[in-house]
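# Residue-level structure breakdown
Below are the chains, spelled out letter by letter.
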Amino acid sequence: MYTDPDPNPTLTERPNMKFFVDTAEIDAIRELHELGFVDGVTTNPSLIKKSGRDILEVTKEICDLVEGPVSAEVVATEADAMITEGRRLAEIASNIAVKLPLTWDGLKACNVLTNEGKMVNVTLCFSANQALLAAKAGASFISPFIGRLDDISLDGMELIQDIRTIYDNFGYKTEILAASIRSVNHVQDSALIGADVITAPPEVIKKLVAHPLTDKGLDAFLKDAATAGIKIV
Ligand code: G3P
């Protein structure tokens, strides 16, 4: 069974908004992992296809690298077959979260797999009612897709807010994993609302550091340091 590690005891008092990386590219995961920014990884069949790797092989490699939850998605659509695939994926490592689509069969499989003690991430969530069902089915994570709602002129952040309200109303422990994140604003808004986790492509996570005034300010400091001949070591 996966148990939340405590990699840095000095940070135990600090609440942690979790950052998952939405990719199956090992090098990109490794780069962010070295900075301590990877609390988990999410994949899906499209990301596996993009990696060009075998799903079992690449997922095992990711699990060897990352201590936190690694979501791996089933491709079956019928509950019994989803359960069989979910069990196979969960054999890869103790930190696998079996990713199941938000369908009736997916919820059936979620019930069974969570009762077996497996982590489940219910994905392709586009409504608060779907998120409510996933929580009742015992999901560890619910993945509402922000960007895909924005794509059709709906409001992805409103969905995150609604799910937060509903889960808090009743104390559901299912973690809100804000997914289909396309911009740094999606990350900031998810944090402001109080999503438990964001999963974002590596490029978006790397963009969080950028600010033109930081670059401009640093440039000025370095020029002054050079003019003044400041040397530290
Ligand atoms: O985590 C789900 C995510 O991969 C979907 O993102 O950009 O394909 O909508 P996107």
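Predicted, not measured: the structure shown is a model, and the values here were computed from it.

With that settled, the discussion passes to a nonpolar patch on the surface. A cluster of nonpolar side chains, namely Leu218, Phe221 and Leu222, defines an oily patch on the protein surface of about 350 Å² accessible area. Looking at the secondary structure, you find Phe221 in helix H11 (residues 212-228). With relative accessibility at 62%, the residue Phe221 sits in the exposed group.

Taken in spatial order, the eight strands line up as E1-E2-E3-E4-E5-E6-E7-E8 and close into a barrel, and their pairing is parallel. Taken pair by pair, the neighbouring strands of this sheet meet at an average axis angle of 30°, ignoring direction. By the bridge criterion, five bridges tie strand E4 (residues 96-101) to strand E5 (residues 119-125) in an arrangement that is parallel. Along E5, the bridge assignment pairs Leu100 with Val122. Together, strand E2 (40-42), strand E3 (70-73) and E4 form the strand contacts of helix H3 (residues 55-65), whose direction differs from that of E3 by roughly 170°. Set on the sheet, helix H5 (residues 104-115) makes contact with E4 and E5; between it and E4 the angle comes to about 155°.

Quick look at the pairing of strand E7 (residues 175-178) now. Here E7 shows two buried faces, one formed by Glu175 and Leu177 and the other by Ile176 and Ala178. By the bridge criterion, two bridges tie strand E6 (residues 141-144) to E7 in an arrangement that is parallel. Bridge pairing in E7 places Ile142 opposite Ile176. As paired strands, E7 and strand E8 (residues 197-200) are joined by two bridges and run parallel to one another. Each bridged residue has a counterpart across the sheet, and for Ala178 the counterpart in E8 is Ile198. Handedness of the crossover joining E7 and E8 through helix H9 (residues 184-193) is recorded here as right-handed.

One can find Phe170 in helix H8 (residues 156-170). Of the residues examined, Phe170 reaches a relative accessible area of 61% and is grouped as exposed. Spatially, the C-alpha atom of Phe170 lies 34 Å from that of Thr59, the residues being 111 residues apart in sequence.

Definitions and limits used
Residues numbered from 1 in each chain as written. Predicted model: local features only at pLDDT ≥ 70, side-chain atom pairs only at ≥ 80, totals over all residues. Heavy atoms only, no water. Patch = residues over 30% accessible without salt bridge, like charges linked within 9 Å, V, L, I, M, F, W, Y side chains within 5 Å. Areas by Shrake-Rupley, 256 points an atom, 1.4 Å probe, with all protein chains shown as cover. Salt bridge = Lys/Arg side-chain N within 4 Å of Asp/Glu carboxyl O. Helix = DSSP H or I, 4+ residues; strand = E, 2+ residues; numbered from the N terminus. Buried < 20%, exposed > 50% of the residue type's maximum accessible area, 1.4 Å probe, protein only. Pairing = 2+ DSSP bridges. Axes fitted to C-alpha atoms, helices over the stretch in contact; angles between N-to-C directions. Contact = heavy atoms within 4.5 Å. Right-handed = clockwise from strand over helix to strand, strands pointing away.

Geometric values such as these leave the question of function open.
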